[in-house]
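Each chain, written out:
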There are 2 protein chains.
Amino acid sequence: MSANSVLLDFSLEPSRIGDEVSRKDIVKLCKEHLEKYLPGLKISYDMLTEDGYLCILNAPGAVITTIRFFNQGLITINIEYYRAERDEAKLSFEQTRELENSLVQNLKLNHGQSLPTLQRGPVTRYFPTADERVIEYDIDKVLYDKRSEFQKIQIVHSKSLGNMLVLDELQNIAEADLIYTETLMRRGIENYKDKEICILGGGDGALLYELLKEEPKFVVMLEIDELVMQACNKYMNSICGDVLERRKSDNYEIVVGDCMVYLNKYIKDGRKFDYVFGDLTDIPISDTPTGEIWDFIRTILESSFKVLKPTGKFMTHGNGVSCPESLEMYEEQLGKLTPKVAFTKCTAFVPSFMEEWVFYQVQDETAVAANV
Amino acid sequence: MSANSVLLDFSLEPSRIGDEVSRKDIVKLCKEHLEKYLPGLKISYDMLTEDGYLCILNAPGAVITTIRFFNQGLITINIEYYRAERDEAKLSFEQTRELENSLVQNLKLNHGQSLPTLQRGPVTRYFPTADERVIEYDIDKVLYDKRSEFQKIQIVHSKSLGNMLVLDELQNIAEADLIYTETLMRRGIENYKDKEICILGGGDGALLYELLKEEPKFVVMLEIDELVMQACNKYMNSICGDVLERRKSDNYEIVVGDCMVYLNKYIKDGRKFDYVFGDLTDIPISDTPTGEIWDFIRTILESSFKVLKPTGKFMTHGNGVSCPESLEMYEEQLGKLTPKVAFTKCTAFVPSFMEEWVFYQVQDETAVAANV
C-alpha cells in the first residue's frame, strides 16, 4: 500500500504572469487538461497566497490535486491518491508526460517537468546522495527494523543491489558493494600479510571478512553497536561471511564498545598497528569544520596516529565527489595533524551510493619520504 | 529559482486510525511539531475526503503545507514554497529528518519517510530509470533546448556526468558514457578492421566515432534527426569528436533520413554489411509486444538480416536489467525471426542511466553453428 504523488511543474515567461484574473484563467486551463485524465475533477477550494494563487481540486476515487501558481513564474501541480497493491495507477508515468507536454504546448509554457510517480508508504524507497539529491531504490522488502541505543538500523532488500544496511535512514552498504571494501583497503596495492590491523567501526563485517582473506597477523575490530552486527550476521552473509558469528578467533577479535576507550587503552599500553581503518561516520557536509562530528573526526585521526607504527597507515572513506567542500575541509584537518602526514586518495563508484566515493590513505610524512 | 517541495510520509497501526475526531487530533499534533520549524503556521482550510481528512496550512513566507490523513493508515505531509537562488532553505534536509523522527517518536507512528527536498523549476533534474524510479541528477545548466520535427532535444550539463543528451525527456547519453558505446560495439571482442558497417540511428555520433578508430572499410550511418546531430556536434565533442562535422569522408557517410527507406533500398540493391547496429529507440516497457514501437522493432530486425552477410551480426542495446519482462519479450521476438537467429547478451552499468543495461548480439544460427 502506498499513497501515490504525481508531481509536475511548469515555468512561464514573466510577461505571462499577469493579474489575479489571468492567473486564475491559467489554473482553469490546467484543470481542463487534467480533467481528461481525472474525469469529474472539481474545484473544492481556492485562495490567494502571499505570492500567487492556490487551488484544491477533487476527483472521484479521493484523488486530491493542488495547483499552485507562483508569481515568480512557476506552476506546480501535485496529484495525490491512495493506491492499493492490486490497483492500477490512476495516472501512469506515460500519461503524466503526455499531460505535461499537452500543457506546455497548449498553454505555451516555457518548460515542463514531471517526476515518475512517488510512492509514499511503509517501505522507504528514497535515499539521498552525498549532495542531497534524491535517488529512488528498487526496494521491495524490509527485512530488519530496530532502533539500538545508538541508531536506527534497517536491512532492506533491493532488487538490483541485494540486501542493504541502512543506518539512521542513510544507505550504508549493500551486497553489491564489494568494490567499496576493496577500494577502502586498496586490495592488490596494500600488503596485509602478517600485519597487525585495527578497524574502528566496521560493524557490517565486510572489511574484517575481506582483510582476513589477506592473511594478516591479527585484526582487532572496535564496534559500538551489537545490534548492527547481529543484523548483518543474519542478513548480510554474502559480504561478511561468518566473521560476526564468533567474536574471537586466532587471527581476529571483535570488541563491542566505544573505539575511543580502546584506542586510549592501546595508547597507554603502547600497542601498535600497521593499519588503522576509520570505518565510522562519513565526513559531514557543513559550512565549517566545527561541531561535535568534526571534533570526533579530529580526535580519531590524532589517536590513530598514536597507535600506528611509524610506517603505519590510516585508511578511511571520505565522502562523495559531489561534495568537494566537505572533502577539502577534511584534507585541511589532515594538514593540521601532528605528526605531519601526507595522504593519497582514490575513488570508486559505489553501487548502493549511486555515486563516486573518495577514499583516503594517510601516512606519517617521514615514512612517505623514506618510501616505506 | 525553484519551488521547493518537502515531502514526508508516515504509516500507523490500523488500530490508531480511529474516528474523525481522533484523525483531526493526529493532524493537530503534526501541526504542533511542524510549527517548531515553521513559526506562525495556521490552518487555512480543512475538509473530509472520501478516504480521510485533508488540512491546508499557511506559514509566513508563503509556505503552504498540506497534511492528509488516509484511512488506510497513511499520513502525507507536503510543504511547498518558493525559493530564490540566494535564499536559505526554510527547512533543510537535516531538519526534515529531525521533524520526521520527532513525529514518529512522539506520535508513536510505525514508520516515517522523508525525501530530500525536490526542486521544481526551469531546469529538469529528475529522470526515470527503465523501471520508472526517480533519479535526481546534478544538472546545473541547460545548454540546448529545441523541438525538432521528431522529438524534443535537450543538452544539459551534469556536474558528475558532463554534458548529457536528453531526448523527449529521457536521458540518452552523457560524456561519462564511453562504457555504453564500448559495450554496444563489444570493443576488444569484435574485430571491425576492414568491415562494412551500417548504423541505424546513432545521431549522437559516439558509436560512429568509436567505430572509426577500429579502421573499418566503411560505415554508413542512417539518422533521421538533423537537429540532434547539430546539437551533439556543438556540445558533445568529447564523445563524438568531429565525425558529425562532415557528413561524408572516405570511410564513412552520414545519411539524414528514415533508416527504413534506406534499408529497403539496400535490400533492393543487394548491398550487404558485416555489422548492423540498432542504435534507435529502447525496447518499450509494455504488457504485450504489440503496438507501433514493437512493430517497428520487428521490422528493423527483419530488414537488418536482409542486408547482413550470412556471417554478419546485428548489435543493439536492450533495456535495463530492472525490466526483465521487457527483455524477455524482445528475446521472444528474436526467437520468431527468419532466418533463425541465435543471440548473446552482455551488460554494463551505464553512468547516465544509473543502472545496469543489457546489450544484444544477434547472428544467423547457421553462422553461429559454424562458429564464424
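Residues numbered from 1 in each chain as written. Chains lettered and ligands numbered in written order. Predicted model: local features only at pLDDT ≥ 70, side-chain atom pairs only at ≥ 80, totals over all residues.

**Q** Looking at this model, I keep getting lost on the overall build of chain A. Mind explaining?
**A** Helix and strand content of chain A: ten helices and 20 strands. Its C-alpha atoms give chain A a radius of gyration of 27 Å, more than 25% over the compact-globule value 21 Å for 372 residues. Its C-alpha atoms put chain A at 80 × 45 × 35 Å along the principal axes. The buried share among the 372 residues of chain A stands at 47%. (Helix = DSSP H or I, 4+ residues; strand = E, 2+ residues; numbered from the N terminus. Rg over C-alpha atoms; globule rule 2.2 N^0.38 Å. Buried ≥ 20, exposed ≤ 12 C-beta atoms within 10 Å, placed from the backbone.)

**Q** Hey, could you run me through the pairing of strand E3 (residues 52-59) of chain A in this one?
**A** On a regular strand, one side chain projects to one face of the sheet and the next to the other, so that they alternate. Residue and element names in this part refer to chain A. By the criterion of burial, E3 is predominantly enclosed, with seven of the eight residues buried. For strand E2 (residues 42-49) and E3, the ladder comprises seven bridges, and the chain directions are antiparallel. Counted as the bridge partner of Tyr 45 is Ile 56 from E3. In textbook terms, the turn of a hairpin is the stretch between consecutive antiparallel strands, and for E2 and E3 this stretch comprises two residues. Examined bridge by bridge, E3 and strand E4 (residues 63-70) share eight bridges and lie antiparallel to one another. Within the sheet, the bridge partner assigned to Tyr 53 lies in E4 and is Phe 69. A loop of three residues connects E3 with E4, the two strands running antiparallel in sequence, and Gly 61 in this loop sits at a positive phi of about 90°. (Pairing = 2+ DSSP bridges.)

**Q** Just to check I follow, could you spell out the sheet that holds strand E13 (residues 170-174) of chain A for this structure?
**A** Within a sheet, each strand pairs with its neighbour through backbone hydrogen bonds, oriented either parallel or antiparallel. All names here are of chain A. Spatially, E10-E11-E12-E13 is the arrangement adopted by the four strands of the open sheet, whose pairing is antiparallel. Each of the sheet's edge strands pairs with one partner strand only, and the pair in question is strand E10 (139-147) and E13. On average, adjacent strands in this sheet sit at an angle of 25° to one another, irrespective of strand direction. (Axes fitted to C-alpha atoms, helices over the stretch in contact; angles between N-to-C directions.)

**Q** Is there a simple way to think about the environment of Tyr 275 of chain A in this case?
**A** Residues and elements named next belong to chain A. Structurally, the position occupied by Tyr 275 is in strand E17 (residues 273-279). Sequence-wise, Tyr 275 and Ile 197 are 78 residues apart; in three dimensions their C-alpha atoms are separated by 4.8 Å. Setting aside residues no more than four positions away along its own chain, Tyr 275 makes contact with Lys 195, Ile 197, Gly 312, Lys 313 and Met 315. (Contact = placed C-beta atoms within 7 Å.)

**Q** Help me understand the environment of Val 341 of chain A, please; the structure alone is not making it clear to me.
**A** Residues and elements named next belong to chain A. Mapped onto the secondary structure, Val 341 falls in strand E19 (residues 341-350). With 20 C-beta atoms counted inside 10 Å, the residue Val 341 sits in the buried group. Considered as a pair, Val 341 and Gly 52 are 289 residues apart in the sequence and their alpha carbons are 57 Å apart. Residues contacting Val 341, with those up to four places away along its chain left out, are Leu 334, Val 362, Gln 363, Asp 364 and Glu 365.

**Q** What is the right way to read the sheet that holds strand E11 (residues 152-158) of chain B from this model?
**A** All names here are of chain B. Strand order in the open sheet made by the four strands is E10-E11-E12-E13, with antiparallel pairing throughout. Every other strand in the sheet has two partners, leaving strand E10 (139-147) and strand E13 (170-174) as the edge strands with one partner each. Direction aside, the axes of adjacent strands within the sheet are offset by 25° on average. Strand direction decides the pairing type here: E11 and strand E12 (residues 162-167), joined by six bridges, are antiparallel.

**Q** How should the relation of the copies chain A and chain B be read in this particular structure?
**A** A rotation about an axis combined with a shift along that same axis relates the two copies of the chain. Its rotation angle being 180°, the transformation that places chain A on chain B also includes 0.0 Å of axial translation and leaves an RMSD of 0.0 Å. The relationship between the two copies is best expressed as a two-fold rotation axis. Within chain A, Ile 135 of chain A has its C-alpha nearest the rotation axis, a separation of 2.4 Å. In this assembly, 100% of the residues forming the interface of chain A have copies in chain B that are likewise at the interface, indicating an isologous arrangement. (Least-squares fit on C-alpha atoms with pLDDT ≥ 70 in both.)

**Q** Quick question: what am I supposed to make of the confidence of the model for chain A here?
**A** The predicted coordinates of low-pLDDT regions are not to be read in fine detail. Put simply, chain A has an average pLDDT of 94, and 100% of its residues get 70 or more. Note on the complex model: pTM 0.93, ipTM 0.93. (pLDDT = per-residue confidence, 0-100.)

**Q** Is there a simple way to explain helix H1 (residues 20-35) of chain A in this structure?
**A** For an α-helix, the turn length of 3.6 residues means that residues three or four places apart are oriented alike. All names here are of chain A. Counted at 1.5 Å a residue, the expected span for H1 with its 16 residues is 22 Å, and the 23 Å between its end C-alpha atoms agrees. Among the residues making up H1, those that are buried are Arg 23, Ile 26, Val 27, Cys 30 and Leu 34. The buried residues of H1 all sit within an arc of 95° when viewed along its axis, so they share a single face. Facing away from the buried surface of H1 by more than 90 degrees, the exposed residues are Val 21, Ser 22, Lys 28 and Glu 32. Check the buried side of H1 and you find it contacts E3, E4, strand E5 (74-83) and helix H2 (93-106). (Expected span 1.5 Å × (residues − 1). Arc of directions from axis to C-beta.)

**Q** Is there a simple way to explain the pairing of E17 of chain A in this structure?
**A** All names here are of chain A. Judged by how many residues are buried, E17 sits mostly within the fold: six of seven residues are covered. Of the strand pairs in this sheet, strand E14 (residues 196-201) and E17 are connected by five bridges, and their pairing is parallel. Following the sheet pairing, Ile 199 is matched in E17 by Phe 277. In the sheet, E17 pairs with strand E18 (residues 308-320) via five bridges, with the strands oriented parallel. Along E18, the bridge assignment pairs Val 276 with Phe 314. Chirality of the crossover, the property in question, places the unit of E17, helix H8 (residues 292-307) and E18 among those that are right-handed. (Right-handed = clockwise from strand over helix to strand, strands pointing away.)

**Q** Sorry, what's going on with the packing of helix H7 (residues 259-269) of chain B against helix H8 (residues 292-307) of chain B here?
**A** For any two helices packed against each other, one specifies the inter-axial angle together with the distance between the axes. Residue and element names in this part refer to chain B. Contact geometry for H7 and H8: axes closest at 9 Å, N-to-C directions at 30°. Considering the relative orientation of H7 and H8, their crossing is left-handed. Of the residues in H8, those touching H7 at Met 260, Leu 263, Tyr 266 and Ile 267 are Thr 299, Ser 303, Lys 306 and Val 307. Classifying every residue of the contact of H7 with H8 by side-chain character gives five nonpolar, two polar and one charged. (Left-handed = near helix turned anticlockwise from the far one by under 90°. Nonpolar A, V, L, I, M, F, W, Y, C, P; charged D, E, K, R; others polar.)

**Q** Help me understand H7 of chain B, please; the structure alone is not making it clear to me.
**A** All names here are of chain B. Along H7, the residues classified as buried are Cys 259, Leu 263 and Tyr 266. One face of H7 carries all of its buried residues, which in axial projection span an arc of 60°. Among the exposed residues of H7, those oriented more than 90 degrees off its buried face are Val 261, Lys 268 and Asp 269. Residues of H7 that are buried sit in contact with strand E14 (196-201), strand E15 (218-223) and H8. Of the residues flanking the end of H7, it is Gly 270, one or two places downstream, whose phi is positive at about 75°.

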